[in-house]
Structure formats: structure tokens, C-alpha cells
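Structure at a glance
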Amino acid sequence: MSMESLSILPQITITRSLVSEKTRTRTLFKRTPPKFLELPRGPSESKYLFRRRLCLSNGNGEIRRIPHVLGDRDGVIIVDHGSRRKESNLMLNEFVAMFREKTGYPIVEPAHMELAEPSIRDAFVSCVQQGADRVIVSPFFLFPGRHWHQDIPSLAAEAAKEHPDVSYIVTAPLGLHVLLVDVVNDRIKHCLNHVAGDVDECAACAGTSKCRLY
């Protein structure tokens, strides 16, 4: 059997099969979509699952780590400012529990930059004790002010001195992220609904009597 191909357009190729008289001649049309229309098919793998492939062979039989993928040897520290108000500090613990459950990362620890414990050093030690050989310090701050430029990097570097075999990184603060628009909008709507008597106080306002019209 012989094959002949005739290119009509850059996106369209007509393939014709020439077979014996006993077999019907069929004409098949195959359209090749432009590159920008080629989308992945089937279920996509969430970038937040720590069980994604962590290693690749380097061609010499050795295994190298993919630096941008979190694995079970990575520890994450969510660090906020810290407060003298106990309830505020406990909210970070709740967020860390939510983050751990949502992402599936096995090692996630809370830390307060100052005024409360655990400190960044405490959280760093906890990550290492759980088997982390790389620590990601994620500031739970809105914008990159002095704490992000100076204080948190300094405290993280000091904590890392005790673990020379462990690498670390201080990631960006929340910043201008489109999802924060939804968060702020949700807070506004919830507070207005609470003032109207339609819903209870949210976790941030609970027990403070602050969510009211003045």
C-alpha cells in the first residue's frame, strides 16, 4: 500500500490511502490546530499537590531535584507579624491548618516575626526535625515593606546558620494578586450582611463587636 499526501493549507492536510481494488478507497481529513489552540486534554494535575514528580534523571543514571516543585522534603513556614493579642496569633494556626489540608504539603509550620511564639527559628527547627532539607519561608504580609526587605530575611538567615545542610528561600508577600480582589470583596459583603442581621460575625470579627455601623 502506498501513501500520498497533499498539503492544501498550513493548517489542513489531506491524506489519501491507495489500496487494492478489494479495499475501498477512503479519504481522511486531518486538521492541525494552530499552536495557540493546543490545550492539554484530560484531567490536569494541580500544581499544589506535593506528590507531583519531584525528580528527573540527568542522563547519567543520577537523580536531580526539580527546584520549583515542592516535595515531602520541603518545609513551609507561614510567618506573620505576631501580636500581643492571643486570638490573632491563634488565627495563624487555623490558616496553616487550612493551607496544609488544601495543598497536601506534609511540613507546614506557623511562625511570628515578633511578639509571640513560635518564632521563625522555632519553625525552622521544627521543619528540619520533620525531615526537611529545604525550607520555604512565606511571609503572610500584604506588601513588601521593611519587614519583608530586612527583618524576615535576617531572622531566616540567623535560623539557617544552625542547619548548614538545609537551603532556604524567603518568598514574595501576597502583593497585587487578582485573587485578593475576591477576598476583599467577600469581606465587604459579609460585613454588610452581618450589619443587616443576615449572617453571624466572621472569624476575624467574632467577639470584637467591631463589625457595625458607626
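Right above here is the structure, for reference.
Residues numbered from 1 in each chain as written. Predicted model: local features only at pLDDT ≥ 70, side-chain atom pairs only at ≥ 80, totals over all residues. Heavy atoms only, no water.

Glancing now at the pairing of strand β8 (residues 134-139). Among the 6 residues that make up β8, 5 are buried, leaving the element largely enclosed by the rest of the structure. In this sheet, β8 lies alongside strand β6 (residues 74-80) in parallel orientation, the contact comprising 6 bridges. Within β8, the residue paired with valine 76 across the bridge is isoleucine 136. Note that β8 and strand β9 (residues 167-170) share 4 bridges and pair parallel. Note on β9: the bridge partner recorded for isoleucine 136 is isoleucine 169. Once you follow β8 into helix α3 (residues 146-160) and on to β9, the crossover reads as right-handed. (Buried < 20%, exposed > 50% of the residue type's maximum accessible area, 1.4 Å probe, protein only. Helix = DSSP H or I, 4+ residues; strand = E, 2+ residues; numbered from the N terminus. Pairing = 2+ DSSP bridges. Right-handed = clockwise from strand over helix to strand, strands pointing away.)

The strands that make up a sheet pair up through hydrogen bonds in the backbone, lying either parallel or antiparallel. Read from one edge of the open sheet, 4 strands run β7-β6-β8-β9, paired in parallel fashion. Both outer strands of the open sheet, β7 (108-112) and β9, are each paired with one neighbouring strand and no more. This sheet shows a mean twist of 20° between the axes of neighbouring strands, independent of strand direction. Packing against the sheet, α3 makes contact with β6, β8 and β9, and its axis sits at approximately 165° to β9. (Axes fitted to C-alpha atoms, helices over the stretch in contact; angles between N-to-C directions. Contact = heavy atoms within 4.5 Å.)

Turning to helix α4 (residues 178-195), a few remarks are in order. Given 3.6 residues per turn, any residue in an α-helix points the same way as the ones three and four places further on. With 18 residues, α4 should cover 26 Å at 1.5 Å per step; its first-to-last C-alpha distance of 27 Å lies within 8% of that length. One or two steps after α4, the chain reaches glycine 197, where phi turns positive at roughly 85°. (Expected span 1.5 Å × (residues − 1).)

This part is about unusual backbone geometry. Each neighbour pair has its own omega, and for glutamate 117 with proline 118 the value is 5°, a cis peptide bond. In this fold, proline 118 is placed in the loop between β7 and α2 (120-129). Look at leucine 115: it is not a glycine, yet its phi comes out positive at around 75°. Position of leucine 115 relative to the elements: it lies in the loop between β7 and α2.

A few words now on the side chain of histidine 163. Turning to its location among the elements, histidine 163 is positioned in the loop between α3 and β9. Discounting chain neighbours no more than four positions away, the residues touching histidine 163 are Phe124, Val125 and Val128.

So, on to the nonpolar core. Core analysis: the biggest nonpolar cluster contains 18 residues, and Ile77, Val79, Phe124, Val135, Val137 and Ile152 have the highest contact counts within it. At the level of secondary structure, the elements contributing two or more residues to this core comprise β6, α2, β8 and α3. Contact partners of isoleucine 152, with chain neighbours within four places excluded, come to Val79, Met113, Ile120, Val137, Pro139, Phe141, His147 and Val170. The next biggest cluster of nonpolar side chains, apart from the first, holds 7 residues, and it includes Val76, Tyr105, Val108 and Ile136. (Core = buried A, V, L, I, M, F, W, Y, C linked by side-chain atoms within 4.5 Å.)

This paragraph deals with α2. Taken residue by residue, α2 has Ile120, Ala123, Phe124, Val125, Ser126 and Cys127 as its buried positions. On its buried face, α2 sits against β6, β7, β8, α3 and β9.

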